[in-house]
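This is what each chain is made of:
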Amino acid sequence: MPMFVDTSPPGHCIFCKIVAGEIPAAKVYEDDLTIAFMDIGQVNPGHVLVASKRHAVTVLDLTAEEAAAVMQTAQRIAHAAQQAFAPDGITLFQANGAAGGQTVFHFHMHVLPRHEGDGMALSWPRKEPAMPLLQHYAKQLQTALQSTAQL
Ligand SMILES: [Zn+2]
């Protein structure tokens, strides 16, 4: 997991300062809704962060338009990374909330060129519940989707 933690007060976060041009960043791309810049950690060469320009903390705070724009920008950056760095693979990583691994509390997605044996790891404990429990979970989500359909 990333070790950098932004402790800036709300409204003064490090990514808002990058969007405003108040602190330097190695910018790659921007449009009306998104900005893409080099992650200072650089797990591998070409490691980019795609952030919403507006301060939104998590995926739950994005508008549908912003969510679509972030994914479109991430795909454009992924194509560019493939061409520029010829990685073996590309990981898109997006964390929400401290428990989800988020360390800068302004929405962002990592576009991470990957190479065999590069040391990147994500613990993924499979629990494999039985089908009736999977169906129960699906029903819970279907019910929730009905109440969030207007979002
Ligand atoms: Zn911000």
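Conventions adopted
Residues numbered from 1 in each chain as written. Predicted model: local features only at pLDDT ≥ 70, side-chain atom pairs only at ≥ 80, totals over all residues. Pairing = 2+ DSSP bridges. Helix = DSSP H or I, 4+ residues; strand = E, 2+ residues; numbered from the N terminus. Axes fitted to C-alpha atoms, helices over the stretch in contact; angles between N-to-C directions. Expected span 1.5 Å × (residues − 1). Buried ≥ 20, exposed ≤ 12 C-beta atoms within 10 Å, placed from the backbone. Arc of directions from axis to C-beta. Contact = placed C-beta atoms within 7 Å.

Taking an unreviewed UniProt entry as the reference, the chain is identified by name as HIT family protein belonging to Comamonas jiangduensis.

S.K.: How should I be thinking about the sheet that holds strand 1 (residues 27–30) in this particular structure?
M.R.: Either a parallel or an antiparallel arrangement is found when strands of a sheet pair, and the pairing is made through backbone hydrogen bonds. Spatial ordering of the open sheet is given by 1-2-3-5-4, a layout of five strands whose pairing is antiparallel. Single-partner strands in this sheet number two, and they are strand 1 and strand 4 (89–93). Averaged over all adjacent pairs, the angle separating strand axes in this sheet is 20°, with direction ignored. Pairing of strand 1 with strand 2 (residues 34–38), which is carried by three bridges, proceeds in the antiparallel orientation. Across the sheet, the residue bridging to Y29 is A36, located in strand 2.

S.K.: I'm lost on helix 2 (residues 64–85) in this one. Help?
M.R.: For helix 2, built from 22 residues, the straight-helix expectation of 32 Å at 1.5 Å per residue is met to within 8% by its first-to-last C-alpha distance of 31 Å. Here helix 2 has its buried residues at V70, T73, A74, I77, A78 and A81. The buried residues of helix 2 all sit within an arc of 150° when viewed along its axis, so they share a single face. In helix 2, the exposed positions that point more than 90 degrees away from the buried face belong to A64, E65, A68, H79 and Q83. Lining the buried residues of helix 2 we find strand 1, strand 2, strand 3 (48–52), strand 4 and strand 5 (108–114). One or two steps after helix 2, the chain reaches A86, where phi turns positive at roughly 45°.

S.K.: I tried to follow the environment of T91 on my own but got confused; where do I start?
M.R.: By the element assignment, T91 lies in strand 4. Here T91 falls in the partly exposed class, since 17 other C-beta atoms lie within 10 Å of it. The spacing of T91 and A78 is 13 residues in sequence and 9.0 Å in space, taken between C-alpha atoms. T91 has contacts with L112 and R114, leaving out every residue within four places of it along the chain.

S.K.: Explain the pairing of strand 3 to me, please; I cannot follow it from the model alone.
M.R.: For a regular strand, the rule is simple: side chains alternate between the two faces of the sheet. Of all five residues that make up strand 3, five are buried, and the element is covered over most of its length. Residues of strand 3 alternate between two faces, with V48, V50 and S52 on one and L49 and A51 on the opposite face, all of them buried. Here strand 2 runs beside strand 3; their pairing, made up of five bridges, is antiparallel. Bridging across to strand 3, I35 finds its partner in A51. Pairing between strand 3 and strand 5: four bridges, direction antiparallel. Bridge pairing in strand 5 places L49 opposite H110.

S.K.: What should I look at first to understand unusual backbone geometry in this one?
M.R.: Excluding glycine, a negative phi dihedral is what most residues carry, and trans is how most peptide bonds are arranged. Of note, Q42 is a non-glycine position whose phi angle comes to about 45°, a positive value. Tracing the backbone shows Q42 in the loop between strand 2 and strand 3. Using a count of 13 C-beta atoms within 10 Å as the deciding quantity, one classes Q42 as partly exposed.

S.K.: What's the story with helix 3 (residues 131–147) in this structure? I'm lost.
M.R.: End to end, helix 3 covers 25 Å across 17 residues, agreeing with the expected 24 Å (1.5 Å per residue, within 8%). In terms of burial, helix 3 is largely open, as just zero of its 17 residues are buried.

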